[in-house]
Amino acid sequence: MTDFAALLQPDRGQSARTIEVVHPDGFADWLAAQPPRVRAMVSAARVTGKAGNKAILPGEGVEDWSVLHVCDEEANSPWRIASQPDFLPEGTYRLKGGDVGPAGLGWLLAQHRFDKYTKPDKNGAPRVLLTSDPAAIDETVRLAQATALVRDLVNLGSSDMGPAEIEAEAAKLAKTFDATLTVTRGDALATGYPMIDAVGRAAAKHRAPRLIELEWGNPKHPRVAVLGKGVCFDSGGLDIKPASGMRLMKKDMGGAAHALALANLIMGARLPVRLHLLIPAVENAISADAFRPGDVLKTRKGLTVENTNTDAEGRLVLGDALTKAGEAKPELVIDYATLTGAARVALGPDLPATFISDEALASELIGAGTAVHDPLWRLPLWDGYDEYLKSDIADLINAPDNGYAGAVTAALFLRRFAPEGVPWAHLDTFAWRPTAKPGRPKGGDALGLRAAWAMLKKRYAS
């Protein structure tokens, strides 16, 4: 992984080029105050003051140059200078004024590359940023590492990211932080977690389903459960997806990637909580043993589920995992899942559809996302749509076929298995960026990770 710590360093007065960020509204006044040589260079570079304009500005000597960046991002945006590393040559830089703030995250992530399947980037020489706030470096680096972890795991082809590989990632975390790892598979899975087993049993033996659990922290501390949907590839099962729908299904374990990254942040900061990480890891494959439309599935909770759609499998595996999480009596539950296309139709790729059972938690989590520029959009757990989950022969169905409120009904299904009376947040995240933005390349991405981390820090760090 990228050595982010080497790219953000304390400012001790060492030699560095200056980056000056100018808002478009103040560009004319800034330009009028510049010496003739700077105005001439700005004109030659065709900088008009539009957001995104940038230029190298001459100093008094040949080697004495600085950087202009015209930007309309807010001062606390992580992406304020994220376009700069790709523009600038190798070297050391400082922001005019010295205070990097959240922009350090974008600077780091702009230099991260997923290159497992390609030759290393020849232009990957480091661009180092100096900060006048050394105390913020560690947190910024850990956020970059967590974000890059999500991106890397999601970008991997499914051939390199199956249930066993997710288990290996959890094992790395357990070893690093001296946590306890428990993996349930085989007959114990079929008996104890019937929905996880049903969804994953059609896969090849080396990609067999499992429930991965990690526990860390002082048992006396508040118990927090973090869950992630780990569907390593989703063919749709017997209700098979078309080729276009299957193309990106390597990313259907994006919820697991987010959960692993959030667990990394929690343990890395030694947050005073008792962490319980749960990842149901499966491949929704097709074989003679695949679960079928019309099957009635048993569940860990004791409810029965009439399976109306084998392509609505994520909520099934999360249902058993949520039941297990509730048995340990947590005071807070957060789950991540690339769960529904309906959420993307409603909100697009950038906004995780967020369902929250508790008003205080809703205020904390949505507010935290806004504060750290990791926005969430709350959708309702609308009781009126519970009737859409009725079955004629079982306790409930997994997916209504009326076409209404798909993200909401999926969340309502999960609510049947979430621990009653415990604040619970469900993030239906896309985990993917279809078009590149500065610091955010096309491909896997963390959406809702920093929001949850900011909320947890504020709630527990004190």
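Every chain is numbered on its own, with residues counted from 1 as its sequence reads. Note on the predicted model: pLDDT of at least 70 is required for a residue's local features to be given, and 80 or more for side-chain atom pairs to be given and counted; whole-chain, interface and lining totals, by contrast, use all residues. As a rule here, side-chain values come from all non-hydrogen atoms in the structure, and water together with hydrogens is ignored.

J.: Quick question: what am I supposed to make of unusual backbone geometry here?
T.: Most peptide bonds are trans, and most residues other than glycine sit at a negative phi. Backbone geometry at His373 places phi at a positive 60 degrees, although glycine is not the residue there. At Ala405, a residue that is not glycine, the phi angle is positive and equals roughly 45 degrees. Segments assigned H or I by DSSP are reported as helices when at least four residues long, segments assigned E as strands when at least two residues long, and all are numbered from the N terminus. Structurally, the position occupied by Ala405 is in the loop between strand S17 (396-397) and helix H14 (406-415).

J.: Please explain the nonpolar core as it appears in this structure.
T.: Across soluble globular proteins, nonpolar side chains show a tendency to be buried alongside one another. In terms of nonpolar packing, the biggest core is built from 84 residues, with Ile166, Ile266 and Leu456 touching the most fellow members. The contact criterion used throughout is that any non-hydrogen atoms of two residues lie within 4.5 Å. Excluding its chain neighbours within four sequence positions, the residues that come into contact with Ile166 are Met161, Ile212, Gly230, Cys232, Met253, Ala256, Leu260, Ile279 and Ala281. Here, nonpolar core means buried Ala, Val, Leu, Ile, Met, Phe, Trp, Tyr and Cys residues that are tied together by side-chain atoms lying within 4.5 Å of each other. Only protein chains enter the area calculation, which uses a 1.4 Å probe; residues under 20% of their type maximum are buried, those over 50% are exposed, and those in between are partly exposed. Ranked by size, the runner-up nonpolar core spans 43 residues in total, among them Ala353, Leu396, Ala410 and Ala411.

J.: Hey, could you run me through the packing of aromatic side chains in this one?
T.: Ring pairs (aromatic) are described by centroid distance and by the angle formed between their planes. Aromatic rings from Phe, Tyr and Trp, taking only the six-membered ring of Trp, are treated as a pair when their centres fall within 6.5 Å; an angle between ring planes under 30 degrees marks them as stacked, one over 60 as edge-to-face, and anything in between as tilted. The final tally for this structure, using the stated rule, is seven aromatic pairs. Between Tyr385 and Tyr388, the ring centres sit 5.1 Å apart and the planes meet at 10 degrees, which makes this aromatic pair stacked. Residue Tyr385 is classed as partly exposed on the basis of its relative accessible area of 28%. Pairing Tyr388 with Tyr404 gives two aromatic rings, centres 6.2 Å apart and planes at 40 degrees, and the pair type is tilted. Of this pair, Tyr388 sits in the loop between strand S16 (377-378) and S17 while Tyr404 sits in the loop between S17 and H14, and the two are 16 residues apart along the sequence. The exposure class of Tyr404 is exposed, given its relative accessible area of 52%. Through successive ring pairs, a cluster of aromatic residues spans Trp65, Tyr93 and Trp107. The criterion is that NZ of a Lys, or CZ of an Arg, lies within 6 Å of the ring centre and within 35 degrees of the ring normal, and then a charge sits over that ring. Lying over the aromatic face of Phe87, Lys54 brings its terminal NZ or CZ to 5.8 Å of the ring centre.

Note that all results are geometric; they support no functional claim without further evidence.
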